[in-house]
Amino acid sequence: MDSDKIVPLNNDSRRCVVFHTDSDDYRCLVILTVKRATGTFSLIGCVFMLFVIWLLRRYHSLAQKMICSLTVAAFFDSVAYVMGDSHPEGSLCSFQAWWLTYFDWSALAWVCLITVNLYLNLVKEMSTTRYQLLYHMIAWGVPLVMAFLPLFFGCYGPAGAWCWITDDHIAWRFGIWYVPLFTLIFLMICCYTRIIYVANERMQSWFGTFNPERERRKVSLAEEIKPLKWYPSVYLLVSLFPLINRLHNAFYPQDPIFFLTLLHVLSAPLHGLANAFVFGLDRDMWSQLTPTGIQVALQSRLCDSTRIGEYHPGAVRYTKADLGDFSEDDDDDTNVLFFSPDMTLKDRGP
C-alpha cells in the first residue's frame, strides 16, 4: 500500500453554502433555523385553512374551490422550505429547486386566477363556471413549463438558504420569477382598483324602493371583495426582501449580507401563512368557529346518521263522487294521492 497517497475528503456536505463557510458558523445555523420555523408556520396555516374548508364545507362555489386549490399549492410550497439542510449541488438539490419553483408559480397562478375570476364576475358580469377546467390547466400546467426550463438548462443548484437558480444564472432568476412576479402583482393591483371602483359605483347606483334581494347582493358583494383584495398586497410584502437580497447577490455573489439573508428567509416562506391571514379576514367564518359551532360542524361531518329510504305508501282507496253520502267508517288506513273531477276521496273527517 502506497502511504504517500492521500485521499482528500469531500467536505461539501459539511459546508455552509449560504455564507461559504464551515457548517458550524452561527450565521448559517440561525438562517436554517429561521427558514424551517417560517416554513413550519406556513405549513400550519395551510393545514388550518384546509381543515376549515373541510369542516365548514367551503368548496361548493367556484371561488371557494379556487381558494382551496391555492391552499393546496401553498401547502406543498411550504414543504419545500422545511426540506432539511442547505444541500450541496446534486440531484436532491435540483429536486428541491424544481419543487420550489413549481409550487411558487402554482400558488401565484391561483392568486392571479382568483383576481381574474372576480374581475369577470363583477366588472364584465360573466358567469365563469365553465372556465373551471381551464383555470386548473393554467394553474398546474404553466408552472410545469416554468419549473422545467431551468432544469433542462442546468440552472438549479445551491442558492443561499435553499436550492434554486444559482448565482451563475442571474438572468434566469429574474426572467423566470422576479420580473413575472412583480408584473403580475402590478396587474392584480390594477384589476382590484377597477373592481373596487365598479363595486362602489354599483352600490351607490342601486336606489329606489327597498328590495331585500338587492340589499343581500350588495352585502354579499362587499364581503366577497374585502378579503380577496389583500392577496396582491400580501404577495408584494413577502416578495420585497427576497427581491432586494437577490439584487445584492447579483452584484456581490461572494459577499452575502447576513441581515438581508435573514429578512429573505423570514419573508419568502410566509406565502402559506399570509394566505391563511387573508382567509381569516372572513368574519362569517369566525362566527361559525365558536366551540358550539365547531362541535356541531364536527358532528355533521363525522356523525351524520341521516339516511335516505324508500317511501312505502299505504293502500289508496277511491270512491265514486257522491256529495250526499259520507260514510262514518274511518278506521281503515288510507292515504290521499290526488283529486280528479270524476272521483272523490273518502272524507276521513276531523
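Residues numbered from 1 in each chain as written. Predicted model: local features only at pLDDT ≥ 70, side-chain atom pairs only at ≥ 80, totals over all residues. Heavy atoms only, no water.

**Examining the overall build of the chain**
Summing up its helical and strand segments, the chain has 11 helices and six strands in all. Expressed as a percentage of contacts within the chain between residues at least 6 apart in sequence, the contacts between residues at least 24 apart total 70%. Accessible surface, the chain: about 20,400 Å² in total, of which carbon and sulfur atoms supply 64%. (Helix = DSSP H or I, 4+ residues; strand = E, 2+ residues; numbered from the N terminus. Contact = heavy atoms within 4.5 Å. Areas by Shrake-Rupley, 256 points an atom, 1.4 Å probe, with all protein chains shown as cover.)

**Considerations on the packing of aromatic side chains**
Considering all chains together, one arrives at 18 aromatic pairs under this definition. Centre to centre, the rings of Phe48 and Trp286 are 6.1 Å apart; their planes meet at 20°, and the pair counts as stacked. Here Phe48 is found in helix H1 (residues 26-55), whereas its partner Trp286 is found in helix H10 (residues 283-288), with 238 residues between them in sequence. Taking relative accessible area as the criterion, Phe48 reaches 31% and is therefore assigned partly exposed. For the pair Phe75 and Phe76, a centre-to-centre distance of 5.3 Å together with 85° between the ring planes defines the contact as edge-to-face. (Phe/Tyr/Trp six-rings, centres within 6.5 Å; stacked < 30°, edge-to-face > 60°. Buried < 20%, exposed > 50% of the residue type's maximum accessible area, 1.4 Å probe, protein only.)

**Describing the packing of helix H3 (residues 91-122) against helix H4 (residues 132-152)**
Remark: H3 packs on H4, axes separated minimally by 8 Å, with the N-to-C direction vectors making an angle of 150°. Read as a crossing pair, H3 and H4 show a hand that is right-handed. On the side of H3, the interface is formed by Ser94, Trp98, Thr101, Tyr102, Phe103, Trp105, Ser106, Ala109, Trp110, Leu113, Asn117 and Leu120, while H4 contributes Tyr135, His136, Ile138, Ala139, Trp140, Pro143, Leu144, Met146, Ala147, Phe148 and Leu151. Split by residue class, the contact of H3 with H4 holds 18 nonpolar, five polar and no charged. (Axes fitted to C-alpha atoms, helices over the stretch in contact; angles between N-to-C directions. Left-handed = near helix turned anticlockwise from the far one by under 90°. Nonpolar A, V, L, I, M, F, W, Y, C, P; charged D, E, K, R; others polar.)

**Some details on the state of the cysteines**
The full count for this structure, using the stated rule, is one disulfide. Here Cys93 engages in a disulfide with Cys163; their sulfurs sit 2.0 Å apart. In this structure the cystine formed by Cys93 and Cys163 twists about its S-S bond by roughly -115°; its chirality is therefore left-handed. Separated by 70 residues along the polypeptide, Cys93 in helix H3 and Cys163 in strand S4 (residues 163-165) bring together distant segments of the chain. Classification of Cys93 as buried rests on a relative accessible area of 1%. (Disulfide = S-S within 2.5 Å.)

**Some remarks on the confidence of the model for the chain**
The pLDDT averaged across the chain works out to 79; a share of 71% of its residues lies at or above 70. No element of the chain has a lower mean pLDDT than strand S6 (residues 343-345), at 44, and none a higher one than H4, at 96. Contacts of residues 1-13 to residues separated by more than four positions or lying in other chains number two contacts, the stretch itself having pLDDT below 50. Note that residues 321-350 has pLDDT below 50 and, in this model, 38 contacts with residues that lie over four places away or in other chains. (pLDDT = per-residue confidence, 0-100.)

**Section: the UniProt feature "transmembrane region" (unreviewed entry) in the chain**
The positions UniProt marks with the feature "transmembrane region" (unreviewed entry) are residues 37-56, 63-82, 102-122, 134-154, 174-197, 228-245 and 257-281. In residues 63-82, helix accounts for 95% and strand for 0%; the two terminal C-alpha atoms are 29 Å from one another. End-to-end, the C-alpha atoms of residues 228-245 are 28 Å apart, and along that stretch the chain is 94% helix and 0% strand. (UniProt positions renumbered as here; feature names shortened; annotations may be inferred.)

**Re the nonpolar core**
Formed by 75 residues in total, the largest nonpolar core has its most connected members in Leu70, Leu108, Trp110, Trp162 and Trp164. In terms of residues, this core owes the most to one element, H3, which gives 19 residues. In contact with Leu70, other than residues within four places in its own chain, are Ala107, Trp110, Val111, Ile114, Tyr231, Tyr235 and Asn275. (Core = buried A, V, L, I, M, F, W, Y, C linked by side-chain atoms within 4.5 Å.)

**Quick look at the environment of Gln64**
Tracing the chain through its elements places Gln64 in helix H2 (residues 62-81). Taking the C-alpha atoms as reference, Gln64 lies 9.7 Å from Ile114; in sequence the two are 50 residues apart. Ignoring sequence-local partners within four residues, the contact set of Gln64 consists of Arg58 and Tyr59. Among the polar contacts made by the side chain of Gln64, one reaches the main-chain amide nitrogen of Ser61 at a distance of 3.3 Å. (Polar contact = N/O pair within 3.5 Å; in protein donor to acceptor, adjacent residues only side chain to side chain.)

**Here's the deal with unusual backbone geometry**
In the Ramachandran plot, Arg57 falls in the positive-phi region, its phi being about 55° despite a non-glycine side chain. Looking at the secondary structure, you find Arg57 in the loop between H1 and H2. A positive phi is found at Glu125, a non-glycine position, where the angle reads about 55°. By secondary structure assignment, the location of Glu125 is in the loop between H3 and H4.

**Digging into the environment of Met146**
Looking at where Met146 falls in the secondary structure, it is placed in helix H4. On the accessibility criterion, Met146 (16% relative accessible area) is buried. Between the alpha carbons of Met146 and Gly175 there is a distance of 9.9 Å; along the sequence they are 29 residues apart. Beyond its immediate stretch of four places on either side in the chain, Met146 contacts Thr101, Trp105, Tyr156 and Ile176.

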